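One letter stands for each residue in the lines below.
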Amino acid sequence: MKFITIYEIDVDPLGSANVEVLNAYQVAIVDNDDDLEDPDADGGLQLDVSGVPSFIGNSTDFQTFEIYNGDVGGTPVTFTLLQFSNPQYIVVTSGEVEVGDTIANTNNTIVTAPPSEYETIPTFVCFTSGSLILTPSGQRLIETLEPGDEVITADGATRPVRWIGRRQLSAQELKRDPHLCPVRIRAGSFAKDCPSRDLLISPQHRIAVTSAMMELYYFEPVMLAPAKGMVNGKAIEQLSPEQGVEYIHILFDQHELVNVEGIWSESFFPGDTTMSAMAPATKRELFDLFPELRCPKTGYGETALPVLKPYEVRMMRSNLSVPGYW
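Residues numbered from 1 in each chain as written. Predicted model: local features only at pLDDT ≥ 70, side-chain atom pairs only at ≥ 80, totals over all residues. Heavy atoms only, no water.

If you look the protein chain up in an unreviewed UniProt entry, it shows as Hint domain-containing protein from Ruegeria haliotis.

Looking only at helices and strands, the protein chain features six helices and 23 strands. A buried classification covers 50% of the 326 residues belonging to the protein chain. Contacts in the protein chain between residues far apart in sequence, at least 24 positions, make up 63% of those at least 6 positions apart. Of the accessible surface of the protein chain, which amounts to about 14300 Å², a share of 50% is contributed by carbon and sulfur atoms. (Helix = DSSP H or I, 4+ residues; strand = E, 2+ residues; numbered from the N terminus. Buried < 20%, exposed > 50% of the residue type's maximum accessible area, 1.4 Å probe, protein only. Contact = heavy atoms within 4.5 Å. Areas by Shrake-Rupley, 256 points an atom, 1.4 Å probe, with all protein chains shown as cover.)

So, on to the packing of aromatic side chains. The relation between two aromatic rings is expressed through the spacing of the ring centres and the mutual angle of the planes. In the structure shown here, the tally under the stated rule is six aromatic pairs. Relative to F62, the ring of F55 lies with its centre 6.2 Å away and its plane at 80°, an arrangement referred to as edge-to-face. The class for F55 is buried, based on a relative accessible area of 11%. Here F62 falls in the buried class, since its relative accessible area comes to 6%. Considering the side-chain rings of Y68 and F79, the 5.7 Å spacing of their centres and the 15° angle between planes classify their relative orientation as stacked. Taken together, the residues span a long stretch of sequence, with Y68 in strand 5 (residues 66-72) and F79 in strand 6 (residues 75-84) at a distance of eleven residues. Cluster of aromatic residues (ring-pair linked, three or more members): F55, F62, F65 and Y89. (Phe/Tyr/Trp six-rings, centres within 6.5 Å; stacked < 30°, edge-to-face > 60°.)

Turning to the environment of S267, a few remarks are in order. Topologically, S267 is positioned in the loop between strand 23 (263-266) and helix 4 (272-276). On the basis of relative accessible area, S267 is assigned to the buried category, the value being 1%. Taking the C-alpha atoms as reference points, S267 and T153, separated by 114 residues in sequence, lie 9.7 Å from one another. Excluding anything up to four places from it in sequence, S267 contacts I250, F252, Q254, H255 and E256.

Attention now moves to the nonpolar core. If you look at the biggest cluster of nonpolar residues, it comprises 32 residues, and the most contacted ones within it are F190, I207, M230 and I250. Every element with two or more residues in this core is listed here: strand 16 (183-185), strand 17 (199-201), strand 18 (206-209), strand 19 (223-226), helix 3 (227-230), strand 21 (245-251), strand 22 (257-260) and helix 6 (310-316). Residues contacting I207, with those up to four places away along its chain left out, are I185, F190, I201, M223, L224, A225, M230, I263, W264, S265 and V322. Counting residues in hydrophobic clusters, the runner-up holds 17 residues, among them L36, V49, F55 and A113. (Core = buried A, V, L, I, M, F, W, Y, C linked by side-chain atoms within 4.5 Å.)

This paragraph deals with unusual backbone geometry. Note that the residue after D38, namely P39, is joined by a cis bond; omega there is 0°. Looking at where P39 falls in the secondary structure, it is placed in the loop between strand 3 (35-36) and strand 4 (47-48). Omega for the peptide link from N86 to P87 comes to -10°, which places this bond in the cis form. Of note in this structure, S54 is not a glycine but carries a positive phi near 60°. Residue position: S54 is located in the loop between strand 4 and strand 5. Positive phi, close to 55°, is recorded for E261, a residue that is not glycine.

Here I152 lies in strand 13 (residues 150-152). Taking C-alpha positions, I152 is 8.6 Å from I133, a pair spaced 19 residues apart along the chain.

This part covers the pairing of strand 19. Because side chains alternate across strand 19, one face comprises the buried residues M223 and A225, and the other comprises L224 and P226, equally buried. Looking at chain direction, strand 18 and strand 19 are connected through four bridges and run antiparallel. Bridging across to strand 19, R206 finds its partner in P226. (Pairing = 2+ DSSP bridges.)

Dropping the structure here:
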């Protein structure tokens, strides 16, 4: 069994060019085929919507099943409307949204949504094997860490890793879902030894950045920027799916910044989207360690730094640098 995320929006997109994302709910896929569709191929259940407030019906057939296009800050988003009133629910099929985002410039026309393969919906936020992480005993390959091992964090403290997760994606899987291919930040992209070697991370993974422009616009000296927003086709690029990749999550008691290849980067943050991509056994393991994660709104706490959207990063990526301690 796998999970996806259903988002609640504030209005029917047929009648409004801008919709706000209000809430997010993790739901289990109970379908016996590979596609989210209306109606289901064999008339069976598709999603366990029992935990979604005021969801009409039981997901055999949806109240509506229309596809819409829009953008979040200029970045394209496509979503399928599952329910158009009291309240409105969607599944994002391409692009990325978060609670609080506004999806602008929706197309306001009824277009029947094609089936969506469940496997194209999840995203992954993590390091790759082979990366060197700073620990009290020096740099270590991230894949050699075990729960309980100490890692140096940006405030100068050492903290134990509570949980480590791994996900292997083959070249064939990456060819099918190229948006999951890792982003490479070449050695010295920001300054000497920043990073010290080529650093490969998932597209959603965020690193700490700073710039005068960022302080001017956001009144924050340091923020987190997703790798995909920094891609410039030169020093920072998303790789082609020529070979597989192993993504590695490391989780602490709270969201932390760790030093990988000389750059301060985030630890795993169990938000709605990343949790929805996990297998049930993995989720149960995390819930045993962190029971508070069962309540996504209040569970794990805040991110270590304020977070930039990908489009915000693209607007000022030529002015970004990476900080040391602060």
